[in-house]
Amino acid sequence: MFTDYVKIIAKAGNGGDGAVSFRREKYVAAGGPDGGDGGKGGSVYFEVDQDRNTLIDFRYQKKFKAENGKNGEGAHRFGKSGEDLVIKVPLGTIVKDSETGKVLADLSELGQKELILAGGRGGKGNSHFATSTRQAPHFSQEGEKGEEKELILELKLLADVGLLGFPNVGKSTLLSVVTDATPKIADYHFTTLEPNLGVVKGEYGDSFVIADIPGIIEGASQGIGLGIQFLRHIERTRLLLHVIDVSGIEGRNPVQDFNTINEELKQYSEKLSKRKQVIVANKVDSMQDESLYQELEKMAKEQEIEIYKISAATKQGIKELMIRVSEILKTLPKEDLIEIQKEEKIYTLQEQEEVSVRKEDGVYIVSGLAVEKLMRTVNLADNESLHYFHRRLKEMEINQKLKELGIQDGDWVQISDYELEWED
């Protein structure tokens, strides 16, 4: 089964907690803090596996999790970092954030490996919080949570040439005679239900990869028929061979077919509609009305589109067409067909964000990554830790923001999962 679109949930490992510990040595009257740091959580990577050609394995396993970091220990012993998780995917896989739709990675090169979710940093042990006035801190820092996201994995075939056209126009037959591919061929519509790839050997010039895309019908860009699930495969091709039935056997109008398919391309992607095309007038061996081809040829000349007459069944005109395709490909750059902005590529929990202070239903709510990290650092039951907490609130100008909103003694402040009574 060819699977080209799945959703999974992936989670990076949590960082280990820092330790609260004090030296206990013989003949040492007052040992200082020696709590070690927690280990870093494992990250989640995606890597190209050239032996895979489908996403079917992800239909049976939907959740992936990297290993958590270990907690720190006394005597400055650091916790062990969690093992990274490497998820293998086929060449041509796009990884997207399900919530935002942003592209996180375009895995279109052999050996490519991308960091997608960063593991949480390990928490600091209490040895980091010792100062000249706080020599025995009874608190440490919790490890950060690893990132977790629902991801979309979308496989887009990597082919130089895509065979485009209505169902049953002879695309599969053409693929079978110019490559070693063995697609299903029959005299009815939608014989091809999944894309087929084949390599055109060097007898026509430089070898290249050609893809037989399942037939597109009117309304495909809105999901009718096989819908857009296969239109997206055409995005990865550099040249389109637009196969059109000119036999007249099914009562089709070649010019109308050409215009209909191109309108679907335009509705789906303006960029795709401008991709270079060559018209392949197929089934000329059984052509009943020469005027059908003549009308198509006239339109092609008006639009300055190359056109070739062939019969995939009898191999008439195949050699000339393939030689020309090989020549055209030499002039077309292998551009990056998926554009990724670097700042959108990887999301990290380490990125700072502005602290937000607002009032809702009489409660003052403080939120933001920096203050959430602070709450994981402190032990509110410990006086020294509480003093550290208040000092950090002042340094982060949270106290000032609360006062600007009109906070009074006795009002409640919510920070993460804590509700605290304000006292100036």
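Everything that follows concerns the structure shown earlier in this document.
Small disclaimer: the values here were computed from a predicted structure and weren't measured.

Parameters and conventions
Residues numbered from 1 in each chain as written. Predicted model: local features only at pLDDT ≥ 70, side-chain atom pairs only at ≥ 80, totals over all residues. Heavy atoms only, no water. Salt bridge = Lys/Arg side-chain N within 4 Å of Asp/Glu carboxyl O. Helix = DSSP H or I, 4+ residues; strand = E, 2+ residues; numbered from the N terminus. Buried < 20%, exposed > 50% of the residue type's maximum accessible area, 1.4 Å probe, protein only. Contact = heavy atoms within 4.5 Å. Core = buried A, V, L, I, M, F, W, Y, C linked by side-chain atoms within 4.5 Å. Pairing = 2+ DSSP bridges.

## Quick look at the pattern of salt bridges
- Evaluation of the coordinates by the stated rule reveals 12 salt bridges.
- In this structure, E144 engages R121 in a salt bridge whose closest nitrogen and oxygen atoms are separated by 3.4 Å. Residue E144 is located in the loop between strand 7 (113–117) and strand 8 (148–155), and its partner R121 is located in the loop between strand 7 and strand 8; the two are separated by 23 residues in the primary sequence.
- For E144, a relative accessible area of 7% puts it in the buried group.
- The partner of R358 in a salt bridge is E360, with the nearest N and O atoms 2.7 Å apart.
- Using a relative accessible area of 33% as the deciding quantity, one classes R358 as partly exposed.
- Since its relative accessible area comes to 38%, E360 is described here as partly exposed.

## What to know about helix 1 (residues 171–178)
- Counting buried positions along helix 1 yields 6 of 8 residues, so the element is predominantly enclosed.
- Residues K171, S172, T173, L174, L175 and V178 constitute the buried set of helix 1.
- Turning to helix 1, the residues buried within the fold contact strand 9 (161–164), strand 10 (196–200), strand 11 (208–212), strand 12 (239–245) and helix 6 (318–329).

## As for the side chain of N262
- The topology assignment puts N262 in helix 3 (residues 254–268).
- Ignoring any residue separated from it by four or fewer positions in sequence, one finds N262 in contact with H242 and Q277.

## Let's talk about the nonpolar core
- Counting residues in hydrophobic clusters, the biggest one holds 34 residues, and the most contacted among them are V161, L174, L239, L241, M322 and V325.
- Looking at this core, the elements that each hand over two or more residues are strand 9, helix 1, strand 11, strand 12, helix 3, strand 13 (277–282) and helix 6.
- It is helix 6 that provides the largest number of residues to this core, a total of 6 residues.
- The residues touching L239, leaving out its near neighbours within four places in the chain, are D160, V161, G162, K276, Q277, V278, V325, I328, L329 and L332.
- Membership of the second largest hydrophobic core comes to 22 residues, among which are A10, I87, I116 and L153.

## A closer look at the pairing of strand 16 (residues 363–367)
- Strand 16 sits mainly inside the fold: 4 of its 5 residues count as buried.
- As paired strands, strand 15 (residues 356–360) and strand 16 are joined by 5 bridges and run antiparallel to one another. Bridge pairing in strand 16 places S356 opposite S367.
- Counting the residues that bridge the hairpin from strand 15 to strand 16 gives 2 residues, and of these D361 lies at a positive phi of roughly 50°.
- With 4 bridges connecting them, strand 16 and strand 17 (residues 412–415) associate as parallel partners.

The values reported here are purely geometric and, on their own, carry no functional implication.
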